[in-house]
Amino acid sequence: DGGITQSPKYLFRKEGQNVTLSCEQNLNHDAMYWYRQDPGQGLRLIYYSQIVNDFQKGDIAEGYSVSREKKESFPLTVTSAQKNPTAFYLCASSIVSRATFNQPQHFGDGTRLSIL
Amino acid sequence: SQQGEEDPQALSIQEGENATMNCSYKTSINNLQWYRQNSGRGLVHLILIRSNEREKHSGRLRVTLDTSKKSSSLLITASRAADTASYFCATGIKAAGNKLTFGGGTRVLVKP
């Protein structure tokens, strides 16, 4: 079955440590996205990528970094510069159509990051 | 500020009743989408309505869009306990490419 896999499901970070969240998709989608969700809140866009080797900052990119070396993979690194990283992180993907913008997004089941 | 804002923030109903939630937005949109999120899980796409459409149905879901009022509503008819979830609207704007902007969500509890 096609889908998006996020790992790990739970992650703990020590002070001053960088951690990397994995996101893999086998839907053959060109676009991938990272969102942050705080308790009882909506989603805020961290980074997105519409094509391999290219990505753009979203609304809250500070303290995060990404790479897009393969179409299937879009890992997110939460750096020590992110002072409040405790949140639920969601990865999504979508097709890219020149004729139709804003395609539906398919989501993984998230990674919950906590501070030790 | 967020493009989409849902109302109410929370809703509690009995099984079999209808649930209605609303989404308001600020700027002209290309389309508006509704998603469901079960506790601790990712979002699932429910329905997309384009700016030139006024109403759309999918099973027990009915979505309306009023571009003059910059608002949309999601109606779930004959609700079931399994409909308990958070529901989010997301707006797409052509100038933003493929990005979506999500609202804060409506938490729906369907009591058996």
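Please refer to the structure placed before this passage.
None of these values were measured; they are calculated from a predicted model. (Residues numbered from 1 in each chain as written. Chains lettered and ligands numbered in written order. Predicted model: local features only at pLDDT ≥ 70, side-chain atom pairs only at ≥ 80, totals over all residues. Heavy atoms only, no water.)

A look at the pattern of salt bridges
Any two side chains of opposite charge can pair, so long as their charged atoms come close to each other. For the structure shown, the criterion picks out 7 salt bridges over all chains. Residues Arg 62 of chain B and Glu 55 of chain B are paired through a salt bridge, measuring 3.1 Å at the closest nitrogen-oxygen approach. The salt bridge partner of Arg 60 of chain B is Asp 83 of chain B, with a shortest N-O separation of 2.9 Å. In this pair, Arg 60 of chain B is assigned in the loop between strand 6 (55-58) and strand 7 (61-66) and Asp 83 of chain B in the loop between strand 8 (71-76) and strand 9 (85-92), connecting sequence segments 23 residues apart. Here Asp 83 of chain B falls in the buried class, since its relative accessible area comes to 10%. When salt bridges that share partners are traced, they join Arg 36, Asp 38 and Arg 44 of chain A into one network. (Salt bridge = Lys/Arg side-chain N within 4 Å of Asp/Glu carboxyl O. Helix = DSSP H or I, 4+ residues; strand = E, 2+ residues; numbered from the N terminus. Buried < 20%, exposed > 50% of the residue type's maximum accessible area, 1.4 Å probe, protein only.)

Focus: the environment of Leu 43 of chain B
Mapped onto the fold, Leu 43 of chain B is located in strand 5 (residues 43-50). The residues touching Leu 43 of chain B, leaving out its near neighbours within four places in the chain, are Leu 43, Leu 90 and Phe 107 of chain A together with Tyr 35, Arg 36, Gln 37, Phe 88 and Phe 102 of chain B. (Contact = heavy atoms within 4.5 Å.)

Description of the sheet that holds strand 6 of chain B
All names here are of chain B. The sheet built from 5 strands is open, its strands ordered 1-3-8-7-6 with antiparallel pairing. Edge strands, defined here as strands with exactly one partner in the open sheet, are strand 1 (4-7) and strand 6. Adjacent strand axes in the sheet meet at a mean angle of 20°, parallel and antiparallel pairs treated alike. For strand 1 and strand 3 (residues 19-25), the ladder comprises 4 bridges, and the chain directions are antiparallel. Of the residues in strand 3, the one forming a bridge with Glu 6 is Cys 23. (Pairing = 2+ DSSP bridges. Axes fitted to C-alpha atoms, helices over the stretch in contact; angles between N-to-C directions.)

Examining the nonpolar core
Soluble, globular proteins show a tendency: their nonpolar side chains are buried together. Core analysis: the biggest nonpolar cluster contains 21 residues, and Met 21, Leu 32, Trp 34, Leu 74, Ile 76 and Tyr 87 of chain B have the highest contact counts within it. When residues of this core are traced back to their parent elements, those giving at least two are strand 3, strand 4 (31-37), strand 5, strand 7, strand 8, strand 9 and strand 11 (106-111) of chain B. With 4 residues, strand 3 of chain B is the single largest residue contributor to this core. Here Ile 76 of chain B is in contact with Glu 17, Asn 18, Ala 19, Met 21, Arg 60, Leu 61, Asp 83 and Tyr 87 of chain B, once residues within four sequence places are set aside. In terms of nonpolar packing, the next biggest core, distinct from the first, is built from 20 residues, Val 19, Met 32, Ile 46 and Tyr 47 of chain A among them. (Core = buried A, V, L, I, M, F, W, Y, C linked by side-chain atoms within 4.5 Å.)

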